[in-house]
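Per-entry structural report
Residue-level listing of the chains:
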Amino acid sequence: MNSTLPRVRVIASPQSWVEGEALRQLEAAARLPGMRSAVGLPDLHPGKGAPVGAAFTSQGVFYPFLVGNDIGCGMGLWALDLPARKAKPERWAARLDLEGPWEGDAEAMLADAGVRPCGFEASLGTVGGGNHFAEVQRVEAVHDASTFQTLKLETDRLLLLVHSGSRGLGEHILRAHVDRHGAGSLAEESAEARTYLARHDQAVGWARANRAAIAERVMRGVSAAGRRVLDVCHNSVTPKEWEGGRGWLHRKGAAPSDQGPVVIPGSRGALSYLVLPLGDGEDHAHSLAHGAGRKWTRTHARERLRERFTPDALLRTTFKSHVVCEDRDLLFEEAPPAYKAIDRVVGDLVDAGLVRVVATLAPLLTYKTRSRRE
DNA sequence: ATGTTC
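Everything quoted here is computed from the prediction, not taken from an experiment. (Residues numbered from 1 in each chain as written. Chains lettered and ligands numbered in written order. Predicted model: local features only at pLDDT ≥ 70, side-chain atom pairs only at ≥ 80, totals over all residues. Heavy atoms only, no water.)

Bringing the overall build of chain A into the picture now. When helices and strands are counted, chain A shows 10 helices and 17 strands. Taken over the C-alpha trace, chain A has a radius of gyration of 20 Å; the compact-globule value for 374 residues is 21 Å, and the two agree within 12%. Counting across all 374 residues of chain A, residues that qualify as buried make up 57%. Once local pairs closer than 6 in sequence are excluded, the contacts in chain A between residues at least 24 apart make up 79%. Surface accessibility of chain A: about 16,100 Å² in total, with carbon and sulfur atoms responsible for 49%. (Helix = DSSP H or I, 4+ residues; strand = E, 2+ residues; numbered from the N terminus. Rg over C-alpha atoms; globule rule 2.2 N^0.38 Å. Buried < 20%, exposed > 50% of the residue type's maximum accessible area, 1.4 Å probe, protein only. Contact = heavy atoms within 4.5 Å. Areas by Shrake-Rupley, 256 points an atom, 1.4 Å probe, with all protein chains shown as cover.)

Before going further, it helps to spend a moment on the packing of aromatic side chains. In this structure the tally under the stated criterion is 3 aromatic pairs. With centroids separated by 6.0 Å and ring planes inclined at 40 degrees, the aromatic side chains of F62 and Y196 adopt a geometry described as tilted. Pair noted here: F62 is in strand β4 (residues 61–62) and Y196 is in helix α7 (residues 191–221), with a separation of 134 residues, a long-range link. Comparing F62 with Y196 shows no difference in burial state: the two are buried. Plain terms: the ring middles of Y63 and F65 are 6.2 Å apart, the flat faces sit at 85 degrees to each other, and that makes the pair edge-to-face. (Phe/Tyr/Trp six-rings, centres within 6.5 Å; stacked < 30°, edge-to-face > 60°.)

Now for the protein's contact with DNA strand B. As a structural note, the neighbourhood of DNA strand B is formed by N69, D70, G119, F120, G128, G129, G130, N131, H132, R167 and G168. Here, DNA strand B places atoms within 4 Å of the protein, and 68% of those atoms are sugar or phosphate. Take G119: an N or O atom from its main chain is 2.9 Å from a base oxygen of DNA strand B. Here the surface near DNA strand B is composed, by residue class, of 1 nonpolar, 8 polar and 2 charged. (Near = heavy atom within 4 Å. Polar contact = N/O pair within 3.5 Å; in protein donor to acceptor, adjacent residues only side chain to side chain. Nonpolar A, V, L, I, M, F, W, Y, C, P; charged D, E, K, R; others polar.)

With that settled, the discussion passes to a positive patch on the surface. On the surface, a cluster of positive charge is contributed by R85, K86, K88, R91 and R95. With respect to the helices and strands, the residue K88 is situated in the loop between β5 (74–83) and α3 (89–95). Overall, K88 belongs to the partly exposed group, its relative accessible area being 34%. (Patch = residues over 30% accessible without salt bridge, like charges linked within 9 Å, V, L, I, M, F, W, Y side chains within 5 Å. Salt bridge = Lys/Arg side-chain N within 4 Å of Asp/Glu carboxyl O. Lys, Arg positive; Asp, Glu negative; His and termini not counted. Charge placed at Lys NZ, Arg CZ, Asp CG, Glu CD.)

According to UniProt, the "active site" (unreviewed entry) feature falls on H290. Structurally, the position occupied by H290 is in the loop between β15 (287–289) and α8 (298–308). For H290, a relative accessible area of 9% translates into the label buried. Leave out the neighbours within four places in its chain, and H290 touches D43, V52, M75, H234, G253, A254, A255, I264 and P265. Within polar-contact distance, the side chain of H290 engages the side chain of D43 at 2.6 Å. (UniProt positions renumbered as here; feature names shortened; annotations may be inferred.)

What follows is about the UniProt feature "binding site: Mn(2+) 2" (unreviewed entry) in chain A. The sites that carry the UniProt feature "binding site: Mn(2+) 2" (unreviewed entry) are, in the present numbering, H163 and H234. These annotated residues cover 72 residues of sequence, and their C-alpha atoms all fall within 10.2 Å of one another, placing them together at a single site. Of the annotated set, the members that line the largest pocket are H163 and H234. Examined against the element boundaries, H163 turns out to sit in strand β7 (residues 157–164). A relative accessible area of 2% places H163 in the buried class. (1 Å grid on protein atoms, 1.4 Å probe; cavity = no way out; pocket = protein on both sides within 12 Å on 5 of 7 lines; lining within 4 Å.)

Right, let's get into helix α10 (residues 342–351). Within the sequence span of α10, burial applies to I342, V345, V346, G347, D348 and L349. In the segment just after α10, G353 is the residue with positive phi, at about 80 degrees.

Where burial is concerned, the two faces of strand β13 (residues 262–265) agree: the one with V262 and I264 and the one with V263 and P265 are both buried. By the bridge criterion, 4 bridges tie β13 to strand β14 (residues 272–277) in an arrangement that is antiparallel. By the bridge assignment, V262 is partnered in β14 with V275. Between the end of β13 and the start of β14, which pair antiparallel, lie 6 residues. (Pairing = 2+ DSSP bridges.)

Another aspect to go through is empty space enclosed by the protein. According to the stated counting rule, one finds 1 cavity of 30 Å³ or more in the structure shown. The calculated volume of the largest cavity comes to roughly 30 Å³. Residues that form the lining of the largest cavity fall into these classes: 4 nonpolar, 1 polar and 4 charged. (Points joined across faces, edges and corners; volume = space filled by probe spheres on them.)

Bringing the nonpolar core into the picture now. In this structure, L124, L160, Y196 and V218 are the most contacted members of the largest nonpolar core, which totals 46 residues. Those elements that place two or more of their residues in this core are β5, α3, α4 (106–112), β6 (133–142), β7, α6 (167–181), α7 and β17 (355–369). No other element matches α7, which puts 12 residues into this core. Look past the residues within four positions of L160 in its chain and what remains in contact with it is G76, L77, W78, L80, A134, E135, V136, A215, V218 and M219. Membership of the second largest hydrophobic core comes to 38 residues, among which are I11, A254, V323 and V346. (Core = buried A, V, L, I, M, F, W, Y, C linked by side-chain atoms within 4.5 Å.)

It is worth spelling out the pattern of salt bridges at this point. Enumeration according to the criterion identifies 21 salt bridges in this entry. A salt bridge links E334 to R294, with the shortest nitrogen-to-oxygen separation between them at 2.8 Å. A residue pair is termed long-range when its members are at least 10 positions apart, and E334 in the loop between α9 (328–333) and α10 and R294 in the loop between β15 and α8 qualify at 40 residues. The class for E334 is buried, based on a relative accessible area of 5%. You can call R294 buried: its relative accessible area is 12%. Connected through salt bridges with shared partners, the residues R294, R298, R302, E333, E334 and K368 form a single ionic network.

Shown next as structure tokens:
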């Protein structure tokens, strides 16, 4: 049996503010039966039950609730054929519309990702709420020219970063699971585990296809063609082998460090970092920060920022980029001051020897939603 | 996070 205590590690410098509640959640998760390690990344913050910005390994069992409802959520990066000098962010902000069903062939896109029809086809190509977005970016600076070149990127071409997940599908899968089995563990060889994992894998494929459909929509809207540079999932549970054993790797808002370069976005008013993972080590559960991490709760952000900013002021950023967000509450909840400083988060990963910065990317247009909500 | 609320 697993008689050793699970290892808990938090990768964050003292300058990276981590809330006490997030640490308590991390330690509570580490004490679950079968847990082997718990790693908090520098974007660690409290979540609903389990912390966000964390990765966990377990043996013999795994925990669907640690993955959460947005199974398959992640980041995709596309290189556009559009030169930076042809950027028209103001015009795009006025016209781009990603609401309603995608005009493309949803079933074909899903089939390409190995996903069977599941009743959520009408949501494919939609960004969703919360921290999801599609953002057109320009290359701000290149720090590792060799890797930049290996990825066939060019400094004067625009990029598109898409952060979205499995929309209603992942929610449906988690809910169906919790309704029947509660928030407990699943034994890895059980029928219940197999059922959950099959559905989980469908949601991971669905989310990947969703990011591709969103990218198609944006590219059509800005009259560009593009190529997918990378696509990584930061909410998942997968089998993992390590020296002397095997088990399960849960990622909850944690980017993979074992699948090549990833983008770690800041807030919409900050740089995003294209980074190359250096260690693929067990000591950080093969994972990296997935973003800047929330500093203020949504409620706190709304209350505090409504006093300081008019909605119109939040439609532009310090980068002079444009924001499409017609949902008033969401506009405040996702405002840049609600997030930690991305340079410190990435700096912590660099200092821990986990990544090298390849390039920084600056926002031109961040699309959240055109749907109005009171 | 969520056809966006039990």
